[in-house]
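A structural walkthrough
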Amino acid sequence: MRFLKKYGWIAPAITLFFCLFSQTAQASEIDLKIPLLDVEYNFWGHAVTGSQILLYGLIVCALGMLFGFYEFCKIKKMPAHKSMLNMASLIYETCKTYMKQQAVLLVILEAFIAVCIFYYFFFLNQTPLPMVMNILLWSVLGILGSFSVAWFGMRINTYANARTAFASLKGKAFPVMSLPLRSGMSIGVLLICVELVMMIIILLFIPRENAGACFIGFAIGESLGASGLRICGGIFTKIADIGADLMKIIFKIDEDDARNPGVIADCTGDNAGDSVGPTADGFETYGVTGVALISFIVLAAGMSYTDNGSLTLMADGIDIQARLIVWIFTMRLLMIITSVVSYMINNWFSKLRFGNKQDFDFEVPLTSLVWITSLLSIAVTFGVSYVMIGGMGEDLWWKLSVIISCGTLAAALIPEFTKIFTSSKSKHVQEIVDASREAGASLNIISGIVAGNFSAFWKGLVLMGLMTVAYFAAAEGLDDYMVYPTVFAFGLVAFGMLGMGPVTIAVDSYGPVTDNAQSVFELSQIEQIKDIDKEIEKDYGFKPDFETGKELLEKNDSAGNTFKATAKPVLIGTAVIGATTMIFSIILLLNLELNLMNPMVLFGLLLGGAVIYWFSGASMQAVSTGAYRAVAYIKEHIKLDTNQAASIEDSKKVVRICTIYAQKGMFNIFMVIFCFTIAFACFDADLFASYLISIAAFGLFQALYMANAGGAWDNAKKVVEVDLKEKGTPLHDAAVVGDTVGDPYK
């Protein structure tokens, strides 16, 4: 699954290494000339230029960042008992140590890539030194952007976990749901705003001749940061997950038993793998998809073929390119507004409906948020497109709106199909539970594999169906404005899937908070504190209900698992379609023609599929090796003859084990994929292009299968623990085994 999360790294690799080793190529993305954006618009009698619209967009981004920091401050000021705050602080400290070690690794990787960039552009391509330094500068800014939004996400989540755990003691369900969602929206809005600020700065303030260089540097940097944080974080969290979970079988203890030194590592992993990684990955996905679309617009929009088959600029070609770029970025800015407005509407409605209830289905308000955002985004897409590009052609505005709406609809439909296979209330998850009861872990694993395979099939059909609609819309006259309109349409589908980006990130970030909150509750050992009932009633004004609180946190954790699973396929699909758009942009740039009768194309397709399975094996091997070491250490140092929590030193040692093996696994994967990229680019351009396309196709279905099988196993365990209340039974043991198989899958 992590391969598709690494896709953002492959996309800029296309732009860099394809041009790097295609010796016959005379052009690269650095040569892209972004048109001037001073095209004029008339909005109800008021004239405004494209550049002015983007300047106003910077104000929208500033307000969005203020919203993120405002929510951050509100969460930080919420009350929580000191025992829970102390545990949250310990989790943050271990996360901070992990992030510092990751920063060192990223510096090493950036230095390595910087040498490659400098060698190619300065020595081989004879690029002027100032332009080369621009690429290097923006690659550093890309990494810093990726790292900073990831740190922000980790920090706010480690505030929200203790506050959510404490809020559960009131016995009301709504605060337990609303607080993690508030944290997630803060991350999602801030992430998109930082991304857009950087890209608008390139468009408005960087000279036209340098903009292409800045975009390639920015894409490489943010993608390098995302690949490191996502893959390393994923390996870390699954090592820690397995280490903590297996103790339930070996020693018959609870999942978050404070005596288990692996629990703190598990909490750190919730943030490292399920918060830091997805946040950095989301930052990269939005950026690289934008770069892909800009590249395609400059290369293909406003262009037509001459009689001899060469490309030439139309009479109004520059105007078409400028208007499409301004339109795309206006849509990106509006998704900030639509997401925040949808969140406020959904929060108001959910509070009205569930505010005073003792219990409700936590998935309902999350689902309604996704659909409200999707429908509002589609309505805004049609309205703004009519106003901005309605004058470019009689039908262009609604055709492009239909295409983008296919992506926006996919971002709402894919979660629904994901829940069919991963929700704790789904028939497939119930089938896993029933199979486990009858035949133990064996049928548990088989049933999970079945769910994963079927989920990949159905979501593949959903994507294909919506892309087919986009294809037919593009076929109806878009070739009057560009060459290869279908490729542009597919890029817009990916763009549409990102149209509700802050909400997608929010529901993905919901899970780490709910998971951590449950752990903080147990690790704080708050129930064992003398006279704690009286203390809380005196200091906070309510009588705590510990049993109800634990039950609410467990149910919320199940909802968090489901929505982590629903967000992954959206980002996976976006990464695949966006990367494919970038591939075709480079194919167009280098004037390649892929022919299935060419053996090199067939070889590339086979190599891409082979590398997907190597990556899957290498990432799972990294988890397996690290988990072996972590389990061995925990078994040796766990002290069950006392009620005292595990020592901080033992807990930090487990974190260190997870970090070491995660970084070793990440570095191994990075170097091998890097060398594959270099080697295949040296062989043949057609082979390399087909290799990249093959990775997209094979990787899409491998990722969907593995992510959803893992989600199904995880929630089957939750059904046994929460709904059936059969912890410590043979059924529970079988469910835990399935969950630990699913951990490296995810």
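Residues numbered from 1 in each chain as written. Predicted model: local features only at pLDDT ≥ 70, side-chain atom pairs only at ≥ 80, totals over all residues. Heavy atoms only, no water.

Brief notes about the packing of helix H6 (residues 173-205) against helix H9 (residues 317-354)
With their axes 11 Å apart at the nearest point, H6 and H9 run at an angle of 170° to one another. Classified by the interaxial angle, the pair formed by H6 and H9 is roughly antiparallel. Tallied by class, residues from the contact of H6 with H9 come to 18 nonpolar, four polar and three charged. (Axes fitted to C-alpha atoms, helices over the stretch in contact; angles between N-to-C directions. Helix = DSSP H or I, 4+ residues; strand = E, 2+ residues; numbered from the N terminus. Parallel < 35°, antiparallel > 145°, perpendicular 65-115°, else oblique. Nonpolar A, V, L, I, M, F, W, Y, C, P; charged D, E, K, R; others polar.)

Quick notes on unusual backbone geometry
Not every positive phi belongs to a glycine, and Trp 44 is a case in point at roughly 50°. With respect to the helices and strands, Trp 44 occurs in the loop between strand S1 (40-43) and strand S2 (46-49). Here Asp 531, not a glycine, exhibits a phi torsion of approximately 55°, which is positive. With respect to the element layout, Asp 531 can be found in the loop between helix H15 (501-523) and helix H16 (532-540).

Topic: a nonpolar patch on the surface
Taken together, Phe 454, Phe 457, Trp 458, Leu 461 and Met 464 make up a surface patch of nonpolar side chains, about 510 Å² in accessible area. The residue Phe 457 is located in helix H13 (residues 441-475) in this model. Given the relative accessible area of 45%, Phe 457 is considered partly exposed. (Patch = residues over 30% accessible without salt bridge, like charges linked within 9 Å, V, L, I, M, F, W, Y side chains within 5 Å. Areas by Shrake-Rupley, 256 points an atom, 1.4 Å probe, with all protein chains shown as cover. Salt bridge = Lys/Arg side-chain N within 4 Å of Asp/Glu carboxyl O. Buried < 20%, exposed > 50% of the residue type's maximum accessible area, 1.4 Å probe, protein only.)

Some details on empty space enclosed by the protein
Remark: the empty space left among the atoms is shown by a probe the size of a water molecule rolled over them. Applying the stated rule across the entire model yields ten cavities of 30 Å³ or more. Volume-wise, the largest cavity comes out at about 120 Å³. If you trace the largest cavity, you find 16 residues lining it, with Asp 241, Glu 255, Asp 515, Asp 714 and Lys 717 closest to the centre. Put simply, the parts of the chain that give the lining of the largest cavity at least two residues each are helix H7 (208-250), helix H8 (262-300), helix H17 (546-589), helix H20 (685-723) and helix H21 (730-745). Taken together, the residues of the lining of the largest cavity sort by class into no nonpolar, one polar and 15 charged. When its volume is computed, the second largest cavity comes out at roughly 100 Å³. Taken together, Met 331, Leu 334, Met 335, Thr 338, Ser 377, Val 380, Thr 381, Ile 404, Thr 408, Phe 495 and Gly 499 make up the lining of the second largest cavity. Broken down by secondary-structure element, the contributors of at least two residues to the lining of the second largest cavity are H9, helix H10 (363-389) and helix H11 (396-422). (1 Å grid on protein atoms, 1.4 Å probe; cavity = no way out; pocket = protein on both sides within 12 Å on 5 of 7 lines; lining within 4 Å. Points joined across faces, edges and corners; volume = space filled by probe spheres on them.)

Description of the confidence of the model for the protein chain
Of all residues in the protein chain, 96% have pLDDT values of 70 or greater, and the mean over the chain is 90. No element of the protein chain has a lower mean pLDDT than helix H2 (residues 7-21), which averages 42, and none a higher one than helix H12 (residues 427-439), which averages 97. Note that pLDDT drops below 50 for residues 1-27; the model gives that stretch 105 contacts with residues more than four away or on any other chain. (pLDDT = per-residue confidence, 0-100. Contact = heavy atoms within 4.5 Å.)

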